[in-house]
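Residue-level listing of the chains:
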Amino acid sequence: MKANKLLFITQEINPYVPDSDYTPMGRNLPLAAIDMGREIRTFMPKWGNINERRNQLHEVIRLSGMNLAVNDVDHPLIIKVASIVGTRMQVYFIDNEDFFGKRLAERDANGVEYKDNVERAVFYARGVLETVKRLRWAPEVIHCQGWASSMVPAYLKTAYREEPSFRDCRVVYTVADNGLTQSTGPNFDKIIAFKNTGAETFQEFGTDLTPHQLELFALKHADGVHFASATPDAELLEFAQAKGMPILIGPAEQEDFLTLFDEVWSQDK
């Protein structure tokens, strides 16, 4: 069965940020889906190194203005949008002065890892899902790319499970080496808490999750997985195989991803 409505929740897309391991997938995969007649929506964080004027970002007032509470602190959600020149691809940006503002992705300009990356990932995940709800659009398959999207699978299967926009959707998670070293901290249950999402969603991995355990946490709630490396981590691969989920390994053609999405969407509902 063909998955016609695809939501891409990515971390980096060129030309908005310098090239990285994520930028080609973030741009080329949605473009290929458009060319093949699929309906898409694409999101990324509004990192601080994105030039809004050069890239013609503008705020979408009707989608902005909501506050999202992360670890008991309210943070305003700002939605911006831009189109990649010469394509039919539109990108929505999740923005917030506290979490993104003038800050880069996982590390600052000196290469120091941000201490609140978990909170930033939580805000990004909920910001995307709340915005899709406001768009009144129901994706069939959601593809999560990068550490910033690692919280999405759990929220989809818990807090957003009965939302009309997500009730029937499936989620594919791309596992890639992000080089992160910091754990979630022992208050992860408070950071991720929202509706029925809490400690029970990750308790088998402990209370203070390492970056590796966060990948297991994402796979626990995913319906399909793409391993970016041709030689995946053995524990992650075994975990995915034990779940019996569709798996794609290594650098792949765009058609391979769309085949994976179709396979995931065809699973028993």
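Residues numbered from 1 in each chain as written. Predicted model: local features only at pLDDT ≥ 70, side-chain atom pairs only at ≥ 80, totals over all residues. Heavy atoms only, no water.

> I tried to follow the environment of proline 24 on my own but got confused; where do I start?
Summarising the element assignment, proline 24 is placed in helix α1 (residues 23-35). Owing to a relative accessible area of 37%, proline 24 belongs among the partly exposed residues under this scheme. C-alpha of proline 24 to C-alpha of valine 172: the two residues are 148 residues apart in sequence and 18 Å apart in space. (Helix = DSSP H or I, 4+ residues; strand = E, 2+ residues; numbered from the N terminus. Buried < 20%, exposed > 50% of the residue type's maximum accessible area, 1.4 Å probe, protein only.)

> Explanation requested: the nonpolar core in the structure shown.
The tendency in soluble globular proteins is for nonpolar side chains to be buried as a group. Ranked by internal contacts, the top residues of the largest apolar core, which has 93 residues, are Tyr16, Met44, Met151, Tyr155 and Phe217. Among the elements that take part in this core, helix α3 (residues 117-135) stands out by supplying 10 residues, more than any other. Apart from the residues within four sequence positions on either side, tyrosine 16 is in contact with Met44, Asn49, Ile50, Asn55, Leu57, Ala82, Ser83, Ile84, Val91 and Phe93. (Core = buried A, V, L, I, M, F, W, Y, C linked by side-chain atoms within 4.5 Å. Contact = heavy atoms within 4.5 Å.)

> When you look at the environment of tyrosine 114 in this model, what are you seeing that I'm missing?
The topology assignment puts tyrosine 114 in the loop between β7 (90-95) and α3. Each C-alpha atom of the pair tyrosine 114 and leucine 180 lies 9.7 Å from the other, and the pair is 66 residues apart in sequence. Setting aside its immediate chain neighbours within four residues, tyrosine 114 contacts Arg103, Leu104, Ala105, Glu106, Arg107, Asp108, Arg120 and Gln182.

> Looking at this model, I keep getting lost on unusual backbone geometry. Mind explaining?
Most peptide bonds adopt trans geometry, and most residues besides glycine take a negative phi value. Put simply, asparagine 14 and proline 15 share a cis peptide bond, and its omega is 15 degrees. Within the secondary structure, proline 15 sits in the loop between β1 (5-9) and α1. One non-glycine residue, lysine 195, lies in positive phi territory at about 50 degrees. Along the chain, lysine 195 falls in the loop between α5 (188-192) and α6 (211-220). On the accessibility criterion, lysine 195 (57% relative accessible area) is exposed.

> How do you make sense of the pairing of strand β4 (residues 67-70) when you look at a structure like this?
It is a general feature of regular strands that their side chains alternate between the two faces of the sheet. Alternating positions in β4 separate cleanly, Leu68 and Val70 being buried on one face and Asn67 and Ala69 remaining unburied on the opposite face. Bridge count between β4 and strand β5 (residues 73-76): 4 bridges; the pairing is antiparallel. Following the sheet pairing, asparagine 67 is matched in β5 by proline 76. Connecting β4 to the next strand, β5, in antiparallel fashion are 2 residues, including asparagine 71 with a positive phi near 55 degrees. (Pairing = 2+ DSSP bridges.)

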